[in-house]
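Here are the chains, one letter per residue:
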Amino acid sequence: MGSKDRVWEVFRQEAEGDPMVHGGSVKAPDEELATHYAREFYGRRQESERLWIVPRDAITELDDPDLLKPPFDRSFKRPGGFLIKHKLEAARERAGSPQVEEAGE
Amino acid sequence: MSELDAETRAALAELLLAMADDEFVLGFWDSEWTGIAPILEEDVAMSSVSQDEIGHAKALYELLAGLSGEDADRIAFGRPVDGYRHAALMNHARTDWAFSIARRFLYEHADAVRLESLAASAYQPLADLAVKMRREETYHLLHFDLWLRRLAEGGDDSHARLAEAIGALWSDAQAVFAPMAGEACLVAARILPESLEALRARWLERVIPLLEASHLPVPAATDRPTADGRTQRTDEFAWLHGEFTMVSGSEADATW
């Protein structure tokens, strides 16, 4: 073995319906042994509903910070839109606060 | 099943002790691979399979203890060397990896045949336990079939070592099905649904084609194993016995 070993990434699902979560990896020369070892490491204590065993070299990795961490504020692109919490707090401060509660009287 | 008579009870105790000792002693031998198996992943796999066997032995000893009123730990650890009833197959030391794999392959198939039959036992607690054990043994079978194939195909050295080990163990492996004093009684009561010789025939039908498929020499047919297949002990087993009773024997009546 040794030099012929490949690394296999193991994903596990804890309960039916849960997302598959990366558990870790095992070394094995082929899919058959990788399956056995994945079971030993991530499934023999009834902790997994199912496992995905993926050769690491089948995974396309993207970790370029220019692509993943653009330097400008792009918070408006998030589903929640702009973060206005801090702006709102500052505005209330300027206005002299507890107006909100008295407004209805 | 209604209350067991004394003869049936004794016969059942003999069967349970034989099965428990098979699992217990093999579990100890193969746990010796912990830390030194060929690769880290296999180290964990072999250790975990060995623990499974000791877990199965525990369940069987507890069933026996319930029958005899003894303590399961005392049965497991409290007997002298010649009080053990495992098959001669488990008399041998771990030796090399090929030898351990050869033994596991021969044993796992024998155990599978035995458990399949016992799943239909008229003694319900044993039938229930057999069903439970079989679920774990499914993986054991897969794992050791895989290793047999790999070592057989892994080159001249591993093929030769494996072939030699199969040859050396063949006759002692038959002893898993060595006749028992109470066998006729167990078969009549349907506690053991088939004779041990019928089980041995089925085991041979499974093991021989697998050996042939891996181009391993099939040893010559052997006669029916004799009753001493479960009573003869070796120096190698005596050494192992010293190891696994070292702690329990250090203070006989201690509570752990």
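Residues numbered from 1 in each chain as written. Chains lettered and ligands numbered in written order. Predicted model: local features only at pLDDT ≥ 70, side-chain atom pairs only at ≥ 80, totals over all residues. Heavy atoms only, no water.

**Here we look at the pairing of strand β1 (residues 6-13) of chain A**
Filter applied, for reference: By this definition, two strands are paired if DSSP reports at least two bridges between them. Secondary structure follows DSSP: runs of H or I at least 4 residues long count as helices, runs of E at least 2 residues long count as strands, and numbering of each begins at the N terminus.
As paired strands, β1(A) and strand β2 (residues 21-28) of chain A are joined by seven bridges and run antiparallel to one another. Its bridge partner being in β2(A), V10(A) is matched across the sheet by G24(A).

**Comments concerning the side chain of R150(B)**
Just so we agree on the cut-off: Any pair of N or O atoms that falls within 3.5 Å is considered a polar contact. Within protein, one atom must be able to donate a hydrogen and the other to accept it, and sequence-neighbouring residues count only if both atoms are side-chain atoms. Whether two residues are in contact is decided by their heavy atoms, any of which lying within 4.5 Å being enough.
Within the fold, R150(B) resides in helix α5 (residues 124-153). Polar side-chain contacts of R150(B) include one of 2.9 Å to the side chain of E32(A). Not counting residues within four places of it along the chain, the set of residues in contact with R150(B) comprises P29(A), D30(A), E32(A) and L33(A).

**Digging into the interface of chain A and chain B**
Put simply, the rule reads: A quick way to say it: buried area is the sum, across both parts, of accessible area lost when two parts are put together, with a 1.4 Å probe. Just to be clear on terms, a salt bridge is a Lys or Arg side-chain nitrogen sitting within 4 Å of an Asp or Glu carboxyl oxygen. Three classes are used, and their members are as follows: Ala, Val, Leu, Ile, Met, Phe, Trp, Tyr, Cys and Pro are nonpolar, Asp, Glu, Lys and Arg are charged, and the others, Gly among them, are polar.
At the interface, 14 residues of chain A touch 15 residues of chain B. Taken together, both faces of the contact between chain A and chain B bury some 1300 Å²; the carbon and sulfur share is 59%. It is H36(A), Y37(A) and E40(A) that lose the most area in chain A upon contact with chain B, and together they represent 38% of the buried surface on that side. A salt bridge links R150(B) to D30(A), with the nearest nitrogen and oxygen atoms 2.8 Å apart. At the junction of chain A with chain B, the criterion picks out eight residue pairs in polar contact (both at pLDDT 80 or more). Listing elements by their share of the side of chain A that touches chain B, those giving two or more residues are β2 and α1 (31-42) of chain A. With seven residues, the single largest contributor to the side of chain A that touches chain B is α1(A). In terms of residue class, the side of chain A that touches chain B is made up of six nonpolar, one polar and seven charged.

**A word on helix α8 (residues 196-213) of chain B**
Since there are 3.6 residues in each turn of an α-helix, residues three or four apart along the chain are aligned in direction. All names here are of chain B. Our working rule: Here, expected helix span is obtained from the residue count minus one, scaled by 1.5 Å. Throughout, exposure labels follow a simple rule: accessible area from a 1.4 Å probe, protein chains only, divided by the maximum for the residue type, with under 20% read as buried, over 50% as exposed, and the rest as partly exposed. Our arc is simply the arc of the directions from the helix axis toward the C-beta atoms.
Its 18 residues place the ends of α8 26 Å apart at the C-alpha level, agreeing with the 26 Å of an ideal helix rising 1.5 Å per residue. Taken residue by residue, α8 has L196, L199, R200, W203, V207 and L211 as its buried positions. Projected down its long axis, α8 shows its buried positions confined to an angular sector of 95 degrees, all on one face. Residues of α8 that are exposed and point more than 90 degrees away from the buried face comprise E205 and A213.

**Section: the pattern of salt bridges**
Counting across every chain of the model gives 26 salt bridges over all chains. Between R56(A) and E9(A) there is a salt bridge, with the nearest N and O atoms lying 2.6 Å from each other. In this pair, R56(A) sits in the loop between β3 (50-55) and α2 (65-68) while E9(A) sits in strand β1, placing the two residues 47 residues apart along the sequence. For R56(A), a relative accessible area of 43% gives the class partly exposed. Here R12(A) ties to E14(A) by a salt bridge, and the two come within 3.3 Å at their closest N and O atoms. When salt bridges with common partners are traced through the structure, they connect D30(A), E32(A), R149(B) and R150(B) into a single cluster.

**Observations concerning the environment of D57(A)**
Residue and element names in this part refer to chain A. Inspection of the secondary structure assignment puts D57 in the loop between β3 and α2. Placed 50 residues apart in sequence, D57 and V7 show a C-alpha to C-alpha distance of 7.9 Å. Polar side-chain contacts of D57 include one of 3.2 Å to the side chain of R6.

**Observations regarding a nonpolar patch on the surface**
All names here are of chain A. The following threshold applies: Distance thresholds for patches are 9 Å for like charges and 5 Å for nonpolar side chains (Val, Leu, Ile, Met, Phe, Trp, Tyr), applied to residues having over 30% relative accessible area and no salt bridge. Computed with the Shrake-Rupley method and a 1.4 Å probe, the accessible areas treat only the protein chains shown as cover for residues.
Together, L62, L67 and L68 give the surface a local cluster of nonpolar side chains, amounting to about 310 Å² of exposed area. Mapping L62 onto the fold places it in the loop between β3 and α2. Assessed through its relative accessible area of 52%, L62 is described here as exposed.

**Topic: the packing of aromatic side chains**
All names here are of chain B. Let me state the cut-off plainly: Between the rings of Phe, Tyr and Trp (Trp by its six-membered ring), a pair exists once the centres lie within 6.5 Å; its type follows the angle of the planes, with under 30 degrees stacked, over 60 edge-to-face, and the other angles tilted. Charge-over-ring contacts are defined here by two conditions on Lys NZ or Arg CZ: a distance within 6 Å of the ring centre and an angle within 35 degrees of the ring normal.
Tallied over the full model, the rule gives 15 aromatic pairs over all chains. The interplanar angle of 90 degrees and the centroid separation of 4.9 Å between the aromatic rings of W33 and W97 together place this pair among those described as edge-to-face. One end of the pair, W33, is in the loop between α1 (6-31) and α2 (40-68); the other, W97, is in helix α4 (residues 97-118), and 64 residues separate them in sequence. Assessed through its relative accessible area of 7%, W33 is described here as buried. We classify W97 as buried; its relative accessible area is 11%. Judged by centre distance (5.7 Å) and plane angle (25 degrees), the ring pair of W170 and W203 falls under stacked. Placement of the pair is W170 in helix α6 (residues 156-174) and W203 in helix α8, with a sequence separation of 33 residues. Following the ring pairs from residue to residue traces out a cluster consisting of F24, F28, Y61, F77, Y84, F237 and F244. In this arrangement the basic side chain of R79 is found over the ring face of Y84, its NZ or CZ atom lying 4.0 Å from the centre. One cation-aromatic arrangement involves R233 over F237; the distance from NZ or CZ to the ring centre is 5.7 Å.

**What to know about a negative patch on the surface**
Just so we agree on the cut-off: Only four residue types enter the tally: Lys and Arg on the positive side, Asp and Glu on the negative side; His and the chain ends are excluded. Note on charges: their place is set at NZ of Lys, CZ of Arg, CG of Asp or CD of Glu.
Taken together, E61(A), D63(A), D64(A) and D66(A) make up a surface patch of like negative charges. Structurally, the position occupied by D64(A) is in the loop between β3 and α2.

**Description of the packing of α2(B) against α4(B)**
Residues and elements named next belong to chain B. As a reminder, the rule being used: For every element, the axis is a line fit to its C-alpha atoms; helices are fit only across the contacting stretch, and the angle between N-to-C directions ranges from 0 to 180 degrees. Reported orientations rely on four angle classes, namely roughly parallel under 35 degrees, roughly antiparallel over 145, roughly perpendicular from 65 to 115, and oblique for the rest. By convention the crossing between two helices is left-handed if the near helix lies anticlockwise of the far one by an angle smaller than a right angle, and right-handed if it lies clockwise.
Interhelical geometry of α2 versus α4 gives an angle of 40 degrees and a closest axis separation of 14 Å. By the angle between their directions, the pair α2 and α4 is classed as oblique. Of the two possible hands of crossing, α2 and α4 adopt the one that is left-handed. Here α2 contributes E42, M46, V49, S50 and E53 to the contact with α4, which in turn contributes W97, S100, R104, Y107 and E108. Class assignment of the residues belonging to the contact of α2 with α4 gives a composition of four nonpolar, two polar and four charged.

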